[in-house]
Amino acid sequence: MRLTRIAAVALTAALAFGAAACGGSDDDATSSKFAAGSTMEKLAKAGKIKIGTKFDQPLFGLKGLDGKPAGFDVEIGKVLAKELGIDADKIEWVEATSKVREDYIQQDKVDLVVATYTINDTRKEKVSFAGPYFIAGQDILVKKDNTSITGPESFQAGDKKVCSVTGSTPAKNIEQYLKDKNTQLVLFDVYSKCLDALSNGQVDALTTDNVILSGYASKEPDKYKVLGQPFTREPYGIGVKKDDKVFRDWINDVLEAAFKDGRYKAAWDASIKDLIKIPDSLSIQRY
Ligand code: GLU
């Protein structure tokens, strides 16, 4: 009887201690969870975040009639915000077109960029990247009845026009296949303008990442087709301030955890579902 009483007292004490420990971390969640002075601590304390994404790319980032963007990049942004204790309605979504992404990060117009953003060495001179969280590949979108464009080599003919976006990797990559980039390459600031140009016959093709093209083709499957032969590798990263290693590592940890615990799949299902196959694995580059 006495032993049981002692055990009971010990148990009560342990429970009380546990509750106090939990209570303590709950009361002061932001200061105890993140390292002092880190970007995570700063954002968690502020309770808001500015995320750069695309506004005209179905499946990854498309601004809806409610003024809010939707898509996989947006969902990934929400996962990161939530991990910082920031609700989705406290995220300020900033349109980050291909050309302005590095500038926006450097100028603090955004805290991070999730925007079909290929990790590469040129960009790494200005910003740092977490990820990759997805690997895309450059491809070509044409009108459904087009039989003359079968790959990037088709532009050697010299009279076919292809559209892409200023500051994007596909705009640069396609140059080597063109006979005359001055007459054949048409550039806009966003891909939806290329789609308009393709629709009204001003250009013969749109080139960018396969998944962006799939987004457009999925909206109008009777009108457009993606060739389906990617010819580059585009690993998507999350852009942050150059050398903010602590923030980058933290994002990498969250991505890895989200991939394991189903949050990545939930983000995928909420935006892309079965239109594109979900990756089997993630291989985050730590540097
Ligand atoms: N992933 C490529 C890039 O980062 C093309 C897509 C885009 O322009 O966002 O440039």
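Attention here is on the structure that accompanies the text. (Residues numbered from 1 in each chain as written. Predicted model: local features only at pLDDT ≥ 70, side-chain atom pairs only at ≥ 80, totals over all residues. Heavy atoms only, no water.)

**Side note on the sheet that holds strand β3 (residues 61-63)**
Strand order in the open sheet formed by 3 strands is β2-β3-β4, with antiparallel pairing between adjacent strands. At either end of the open sheet lies a strand with only one pairing partner, and these are β2 (56-57) and β4 (69-70). When β2 meets β3, the two strands line up antiparallel, connected through 2 bridges. Among the inter-strand pairings, Asp56 is bridged to a residue of β3, identified as Leu62. (Pairing = 2+ DSSP bridges. Helix = DSSP H or I, 4+ residues; strand = E, 2+ residues; numbered from the N terminus.)

**Things to note about the site of the ligand**
Around the ligand lies a shell of 16 residues, among which Lys54, Ser98, Thr118, Tyr191 and Asp209 are the nearest. Take Thr118: an N or O atom from its side chain is 2.7 Å from a nitrogen atom of the ligand. Contact distances for the ligand include 2.9 Å between an oxygen atom and a backbone N or O atom of Thr169. Elements represented by at least two residues in the shell around the ligand include exactly α7 (169-174) and β11 (205-209). Looking at the shell around the ligand residue by residue, the classes come out as 6 nonpolar, 6 polar and 4 charged. (Near = heavy atom within 4 Å. Polar contact = N/O pair within 3.5 Å; in protein donor to acceptor, adjacent residues only side chain to side chain. Nonpolar A, V, L, I, M, F, W, Y, C, P; charged D, E, K, R; others polar.)

**A word on unusual backbone geometry**
Residue Pro132 is bonded to the preceding Gly131 through a cis peptide linkage, with omega at 5°. Here Pro132 is to be found in strand β7 (residues 127-136). If you check the backbone angles, Asp243 has positive phi at about 70° while not being a glycine. Summarising the element assignment, Asp243 is placed in the loop between β13 (234-241) and α11 (245-261). The class of Asp243 is exposed, set by a relative accessible area of 57%. In this model, Lys273 sits at a positive phi of 50°, which is unusual for a non-glycine residue. As for its placement among the helices and strands, Lys273 is situated in the segment after α12 (263-269). By relative accessible area, which is 52% here, Lys273 ends up exposed. (Buried < 20%, exposed > 50% of the residue type's maximum accessible area, 1.4 Å probe, protein only.)

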